[in-house]
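Here is how the chains run, residue by residue.
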Amino acid sequence: KMDKDVEIEEVARLTAGLAGADLANIVNEAALLAGRKNKDEIQASDFLESVERQIAGLEKKSRRISEKEKNEMRLF
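Residues numbered from 1 in each chain as written. Predicted model: local features only at pLDDT ≥ 70, side-chain atom pairs only at ≥ 80, totals over all residues. Heavy atoms only, no water.

1. Regarding the pattern of salt bridges
- Counted according to the given criterion, the structure contains eight salt bridges.
- Lys4 is paired through a salt bridge with Asp5; the nearest N and O atoms lie 3.9 Å apart. Just as Lys4 is exposed, Asp5 falls in that class too.
- For the salt bridge of Glu49 with Lys37, the shortest nitrogen-to-oxygen distance reads 3.4 Å. Highlighted residues: Glu49 in helix H3 (residues 44-56) and Lys37 in the loop between helix H2 (20-36) and H3, separated in sequence by 12 residues.
- Within this structure, Glu29, Arg36, Lys37, Lys39, Asp46, Glu49 and Arg53 form a network of salt bridges that share partners. (Salt bridge = Lys/Arg side-chain N within 4 Å of Asp/Glu carboxyl O. Buried < 20%, exposed > 50% of the residue type's maximum accessible area, 1.4 Å probe, protein only. Helix = DSSP H or I, 4+ residues; strand = E, 2+ residues; numbered from the N terminus.)

So this is what it looks like as structure tokens:
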């Protein structure tokens, strides 16, 4: 279920150019986020966080760069 205040046009603007699979992942992630917060409906904030996760990736918990990340950066 989606909250009545969600503006689907705004979600569309935020996701312009993404493939259908990406959009499906965003909707699924928004539903998971809402479920984790024990919400009955998916809210606009859930969609926004989901879009950010899809585009930018998960938020880093640590400012330290692991050896694996250092090695990956050396490839570029």
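2. A word on H3
- Here H3 spans 18 Å end to end across 13 residues, near enough to the 18 Å set by a 1.5 Å rise per residue.
- Within the span of H3, buried status applies to Asp46, Phe47, Ser50 and Val51. All buried residues of H3 project into a common sector of 135° when viewed along the axis, lining one side. (Expected span 1.5 Å × (residues − 1). Arc of directions from axis to C-beta.)

3. Observations concerning the nonpolar core
- Core analysis: the largest hydrophobic core is formed by six residues, namely Val6, Val11, Ala30, Ala34, Ile42 and Phe47.
- If we skip the residues at most four places from it in the chain, Ile42 touches Lys1, Met2, Asp3, Val6, Ala30, Ala31, Ala34 and Phe47. (Core = buried A, V, L, I, M, F, W, Y, C linked by side-chain atoms within 4.5 Å. Contact = heavy atoms within 4.5 Å.)

4. Some remarks on the packing of H2 against H3
- Relative to each other, H2 and H3 sit at 125°, their axes nearing to 8 Å. With respect to H3, the axis of H2 lies oblique. Where H2 crosses over H3, the handedness of that crossing is right-handed. Residues Asp22, Asn25, Ile26, Val27, Glu29, Ala30, Leu33, Ala34 and Arg36 of H2 lie in contact with H3, whose contacting residues are Asp46, Phe47, Glu49, Ser50, Val51, Arg53 and Gln54.
- A breakdown of the residues in the contact of H2 with H3 according to their chemical character gives seven nonpolar, three polar and six charged. (Axes fitted to C-alpha atoms, helices over the stretch in contact; angles between N-to-C directions. Parallel < 35°, antiparallel > 145°, perpendicular 65-115°, else oblique. Left-handed = near helix turned anticlockwise from the far one by under 90°. Nonpolar A, V, L, I, M, F, W, Y, C, P; charged D, E, K, R; others polar.)

5. Here we look at the confidence of the model for the protein
- Put simply, the protein has an average pLDDT of 84, and 84% of its residues get 70 or more.
- Between the elements of the protein, mean pLDDT differs from a low of 70, seen in helix H4 (residues 67-74), to a high of 93, seen in H2. (pLDDT = per-residue confidence, 0-100.)

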